[in-house]
Every structure is written in structure tokens, then in C-alpha cells.
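Descriptive analysis of the structure
Spelled out, the chains give:
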2 protein chains.
Amino acid sequence: MASIVPSRRVRRTPFTDGVTAQGVKGYTVYNRMLLATFFDSFHYDCAHLKEHVQVWDVSCERQIAVRGPDAKSLMQVLTPRDLRRMVVGQCMYIPVVDEQGGMLNDPVLVKLAEDEYWISIADSDLLLWVKAIVQGYDFNVEVWEPDVSPLAIQGPKADDLMARVFGEEIRDVRFFRYGKFQYQNRELVIARSGYSKQGGFEIYVDGSDIGMPLWDELFAAGEEFNVRAGCPNLIERIEGGLLSYGNDMTSENTPYECGLGKFCNLETAIGSIGRGALLPQALTGPSQMIRAIDIAGEATPVSDQAWPIVTEGGNKIGQVTSVTRSFEFNTNVAIGMVDASHWVDGTNVFVEAPDGRREAVVKEKFWI
Amino acid sequence: MASIVPSRRVRRTPFTDGVTAQGVKGYTVYNRMLLATFFDSFHYDCAHLKEHVQVWDVSCERQIAVRGPDAKSLMQVLTPRDLRRMVVGQCMYIPVVDEQGGMLNDPVLVKLAEDEYWISIADSDLLLWVKAIVQGYDFNVEVWEPDVSPLAIQGPKADDLMARVFGEEIRDVRFFRYGKFQYQNRELVIARSGYSKQGGFEIYVDGSDIGMPLWDELFAAGEEFNVRAGCPNLIERIEGGLLSYGNDMTSENTPYECGLGKFCNLETAIGSIGRGALLPQALTGPSQMIRAIDIAGEATPVSDQAWPIVTEGGNKIGQVTSVTRSFEFNTNVAIGMVDASHWVDGTNVFVEAPDGRREAVVKEKFWI
């Protein structure tokens, strides 16, 4: 694997010095910003995450700040999900689609006030989409990227570590809700959320200047909990069926295909972009869907391409979009898009891996 | 430096197998796609580029295809540059700005027909901006990202190599014009353009399937010209003053600050987005401007941060955004944004490099 060459264009984060000091071994680039991919090994990082607690620099989940009288109207134009009952203090996972119903991003929406939101984005410059929609529709809002960098605390000991730093009340924050907590005289939004199935929090670190002090304090307080630096873990996220925008779905896919139909409320989201294009799939369902794929054989190679899913006769009926070896489940765990003809739980298929054809089974449930 | 970890999200190109086989040593990510940064060393790659010919995989210059009755109107909304005299067969460098006049991208526009363009983009998801503008303004056009991947042939022997593969007529293509040339029964747009000052062409490879055959044919035909795989070279581009979006300018900067005022025609580009915000600077000029900076001392370290430019007393009067050692000019060449108070050619300033303060000189001309 080639090295990644530093440049200002591929942005550092407020925690990059900490990530480097903790011995990061692999990087990727996400929203034009550095994101660690592993520290020890995918396997070791995964096992540690499931047992202890990790601090993740996920600054690359950039925020799009929206504030103004039309903020609520804008948000309902941006997503087919019904936001009418969303309250201040709540987070919501929202599909954002284009006029053809294709996924542009799958962010978490954070409601800060009746007229103020953060859109915490996956890997696409959704800021440009939002700014241009505001421009075209003439919404009365301000839109900008604030200096806010999420730091995720994930793992079974996350509550214990966070209580040490932010006080016992942090334990009362419910899933996909946030509280505001003091740190160095600043009020930080801290939500119970994160890109793992091990539980934990995301601290929206407001101001790069307090990034490293907070990082250091979390590591000092976490010593007894065996804290380590971590990052979204390829194995754990595939086992848990956490989708990755750009890997498992692109603008070629509708929310229904991505299993996100439950987040589309077309009967109420009347003015949302893409509603018209999504209506037929809302009625008849999609013709392909994301599924768990259990792939037999030796540990699969690391992949940067979609692998065809085929019938015994070689007809393509889908593709594998993320795959890795799971040590806990002793198999190759994968996420793929599968045609309706083969998406029933337990269907036997084949996967054309770079090192040859393998037997595989389509599953409706992930490894959770 | 940490390795870059493969994933489908960080896209391969039609030429990635070729780039790998040629021994790429460094990568970056550009438009969510792999881009090589060096093969031997920045220095060796640079010296070779100036003497021979190189084949560059610049697939990451993705195309935004625009086609339809309103294509021309849309393009004039997207840029403050006057496009009225642009003809089919022409390429134009266009600033694209937001409603505040901030740079969103600095693409090359390729006019394919009266109702059809490619926007060949720098590093931001401009596709989302264009699609949302079309949505908001209700323009009658189709907008999509086609399977078109530029391959640049750069260096003093570029004409000789290209004539071997595409015929002698290629020599007649003028700067920032294109011709259409046959390859494997497909008609390819080939422009005299590219991100170096050494001359050459960009082949808009239309269809991933012909990528590696063309790559291989160029290397076979180029043997006598000492052809090598290359990529945009950090040293050569700074010496030549070629700006990099995300490094030397961001949405914080206007075209006037970037020295691109000559590409803004506010008196004619009446309906263009950002025109109102740009008018004051069009009249009075900007308060800071991009300049060449000559930095004294030993070879500078590789940088991923802007370095402050300061007065002797320590007042910040600008920042260095790209910097490297030039062996040809035996100094540290840099690009920076400098306040009006210090932008006159020959002004002595200081640069706060990570390894200490250095003397520097502001220059109006780059090293060309």
C-alpha cells in the first residue's frame, strides 16, 4: 500500500497530533479530511472496542450549520423523512436524496433550536447541495461549516469514562438524544450515538482550540478503563450492518434499496426533493435491497471494488460492496446489494472474489 | 506517513492497475478518487517531466456532463466569466463561486456542442451544487457524471508521443482547444491542456474499458521518448504558479484574491451567482492576493498546514498555502495569500515554518 502524502487540501483535524501520537497505521480520506482506519490491526482494534472503550477522531463527520426563520422548511425539503415531531435535543438519521431519489448522503440531523440545526454528514460535500437549494428556493437561512469536530467515545465502558469527565448526568442521555455539558467554560453538545454497535457518545467539539486538551483529558481519565485510540472499525461495522455512504450506497441507490424505507414518509413529506421519483418504489418496493452476505472460505482480501454476486450459472444478481474477515463469527462478513430474485434469507449464491468464485449465503439479519 | 487503506468509497480509476504496476509511492485522494503524488521522488519526477514526457492518471478530474436546451444559460449562471464567445471545440478556465463570491471550484469548461458541456472539476463535489442549482432554477438540462477519465500527456516530448498514437494532426490542436480523435472505434476529445507548464494534452478517455489498452499503447509508443508514469508534480506546479483548489484557495476566497479577476466579467455576466457579492471587489480590488513567496534556508518540510506570513514584529500579514524545495531554482518555492500592505514585488517578510522563523520575499512573478 502506498503512503498518503500530506497537503493542506486533505485537512488535518483538531486531534491529528493525538491520533499520530497514538500510532495510527492506516488512513483514509473522508470529506477531504483525514480519518484513521486502524491502529493495531482491524482485528485487535475490533476486539478491544467490544470489551473496553475507545476515543475516535471523527472530525470528518463535518457539520452543516443551518440557522434562520426558514430552517425547518429547508430541512423538510431536504429529506423525505417526517421531521414534524422532531424536538430540540433530538438527533435523527435522515436520507437526503436528489430529484431522482438517489442517495446524496445519510447524515444525522441534530436539532439545536426551533430555527437551528446541524447536519452531521457522511462522505459527500452536501454543503454545496444545501447552499444551492437555499439559493434556488430563496430560503431565509444562513448555511455554513462551523469549527465543530465530533469525537466519538465508543465501547461498553463509554459511560464510565464519560461520567469521569463530564459528570454522572451523562448516563441519563438517551439514544439519539443529546445533552449540553460544560467543558472549559464552553457548552458542548454530547449525543448518545456513534458509528458502532457497542454504545457510546459523540462529543461535538465546538472550537479546535479545546480539541487536544479534551483528547488528553479523556486518555488520562480512561487509563483504568483500558482506553485506546480507535476509529470506525471495518469488521465491527459490517458485522453490525452499519452502512457506509460511498461503499454500500451511492447516488445510484434509493433509500428503499438501502433498507432505509422506514425513514421515508412520502405521505407527509410533501415538498421534499425526490418525493415524486420515490413514490413508485414506496408503493411497489425496490427491485434490489441491501443484505448481509456470508461468504465461505479463507479470509477475503481487502477490497476496493464491488464483487459480483452471481447464480451458479453465472448470472449477475447483485454485488458485494463491503467485506472483511470476522474473527468472532469465524466467517467472511459482507454487505451487498441483491436482486429481489435472490434476497430471501438463506438463499445460496456465489461471489466472484478477485481470488476466485466462492459460495455465499444471503441473510436478512446482520451478525448482531 | 501512514498507508492509505483501500475501500470502494475511495474510488479506483480505469488506470489504477497501470499506476500500481509503474511503482507509485505516494497517493492522495481527490474528488473521492485515487491520485498519485509521486513515483520516484518529487525531485526526480520533476526533472524527468521537464525533459521528457509523462503519462498522468488524472481521472480524479471528474466531468460534470450538462446537456439540454438550457445548458448555455445554466453555465452563465454558474460562472462570472463571460461565456458568450465560447465556441464548440474550446476549453475555458472558469471560476465557480457561491452567493458570497467564495470559490467553490476552478474547473475547465469544455464545450462539446451548443447545448452540451463537460465541467472538468477540481477537488469539490461541484456536481451537487450544479444539480441543486438546476433543481432550484428549474433549468431544462440533464446533469450527470459520465464514465470519462482524463489521462494527461505532459512534457516537451508530448507532441511526439501523441503523434505516434493519434496521428500527426494532433500537433495542430491549439492551446485550450480540443480535437476529436479515433481510438478503438471511439471518438475521444483531446485538448491541449494540463496541470503543468511543460505543455501537453489531456485525453478525455470516454469509457473505462479502453483505459488500460490506451495506457499500454502510450507506454509502448513512448519507449523511445523515455516515457514514464507521472502525476501533477508539487515542485513544478508551485514553480509555475499553478493553483490548487483546497490548498491555495477555498470558499473563503474570492476569484480576485486568487488572481483570477481577469476571468470575472461582471458587466456582462448579469445573472451569475455571486455577482452582487463580487461587485465591490471588482471596483476596489481585493485586500489580499495570491503571490509567489521565496523562502530562505534549508529545504522546508512537507506541509499539511498553512504557515503564517508575518512582519518582523510578528503581525500576521498572510499565509503560505503550498511550499516545497525547488532544485532547479535552489530555493524554497511557495504560494501564499498576502495582505495588500505587503504584496508588492520584493517585499521582505517572515514565514513561521514549523521548524522556526525564516526570511522570505514576496514576488509578483512565479518561477517561469
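In every chain, residue numbers begin from 1 and rise along the written sequence. Whichever chain is written first is A, and whichever ligand is written first is 1; the rest continue in order. With pLDDT at 70 or above as the cut-off, local features in this predicted model cover only qualifying residues; side-chain atom pairs require 80 or more to be listed or tallied, and sums for whole chains, interfaces and linings still use all residues.

A few words now on the interface of chain A and chain B. Many structure descriptions define interface size as the accessible area lost when the parts assemble. Taken together, the contact pairs 44 residues of chain A with 44 residues of chain B. Among the elements of the structure, β1 (3–4), β2 (26–30) and α4 (126–137) of chain A are those that each provide at least two residues to the side of chain A that touches chain B. By the criteria applied, helices consist of DSSP H or I runs no shorter than four residues and strands consist of E runs no shorter than two, each listed in order from the N terminus. Here the side of chain A that touches chain B gets 9 residues from one element, more than from any other, and that element is α4(A). Classes in brief: Ala, Val, Leu, Ile, Met, Phe, Trp, Tyr, Cys and Pro nonpolar; Asp, Glu, Lys and Arg charged; the others, Gly included, polar. For the side of chain A that touches chain B, a count of residues per class yields 19 nonpolar, 14 polar and 11 charged. Note on pairing: two strands pair once DSSP finds at least 2 bridges between them. The pairing of β1(A) with strand β2 (residues 26–30) of chain B spans 2 bridges and is classified as parallel. Opposite Ser3(A), over in β2(B), you have Gly26(B) as the bridge partner. Residues are defined as contacting one another if the C-beta atoms placed from their backbone atoms lie within 7 Å.

Right, let's talk about the sheet that holds strand β20 (residues 331–339) of chain A for a bit. Judged by pairing direction, the barrel is antiparallel, and its 6 strands sit side by side in the order β17-β20-β19-β18-β21-β22 (chain A) before closing back on the first. Here the strands of the sheet are splayed against their neighbours by 40 degrees on average, with no regard to which way each runs. Lines fitted to the C-alpha atoms define the axes, with helices restricted to the stretch that makes contact. Angles between their N-to-C directions range from 0 to 180 degrees.

All right, on to the sheet that holds strand β9 (residues 108–113) of chain A then. Residue and element names in this part refer to chain A. In space, the 5 strands of this open sheet follow the order β6-β9-β10-β5-β11, with antiparallel pairing throughout. If you trace the sheet from one side to the other, it starts and ends with β6 (91–93) and β11 (142–144), each paired once. The sheet shows a mean angle of 20 degrees between the axes of neighbouring strands, taken without regard to direction. Bridge analysis of strand β5 (residues 63–67) against β11 gives 3 bridges, and the strand direction is antiparallel.

Residue and element names in this part refer to chain A. Just so you know, the domain bounds were taken from an automatic or database domain assignment. For chain A, the assigned domains read domain 1 (16–62 + 147–238), domain 2 (63–144) and domain 3 (288–368). Each of domain 1 and domain 3 has a C-alpha centre, and these two points are 31 Å apart. At the interface, 6 residues of domain 1 touch 8 residues of domain 3. Of all the elements, helix α7 (residues 234–239) adds the most residues to the side of domain 1 that touches domain 3, at 3 residues. In terms of residue class, the side of domain 1 that touches domain 3 is built from 4 nonpolar, 1 polar and 1 charged.

Okay, helix α3 (residues 71–78) of chain B next. All names here are of chain B. For every residue, the other C-beta atoms within 10 Å of its own C-beta are counted; 20 or more classify it as buried, 12 or fewer as exposed, and values in between as partly exposed. C-beta atoms are placed from the backbone. By the burial criterion, the buried members of α3 are Ala71, Met75, Val77 and Leu78. Down the axis of α3, the smallest arc covering the buried residues is 160 degrees, so these residues share one side. Along its buried surface, α3 packs onto β5 (63–67), β7 (96–97), β9 (108–113), β10 (116–120) and α4 (126–137). Directions from the helix axis toward the C-beta atoms define the arc.

The relation between the two chain copies is a rotation about an axis coupled with a shift along that axis. To line up the copies, we fit them by least squares on C-alpha atoms, keeping just the residues with pLDDT of at least 70 in both. Mapping chain A onto chain B is achieved by rotating through 180 degrees and translating by 0.0 Å along the same axis, at an RMSD of 0.0 Å. The superposition operator between the copies reduces to a two-fold rotation axis. An overlap of 100% is found between the interface residues of chain A and their copies at the interface of chain B, pointing to a shared contact surface.

Here we take up unusual backbone geometry. A positive phi angle, close to 60 degrees, is found at Phe176(A), a residue other than glycine. Relative to the assigned elements, Phe176(A) resides in the loop between α5 (158–166) and β13 (178–183).

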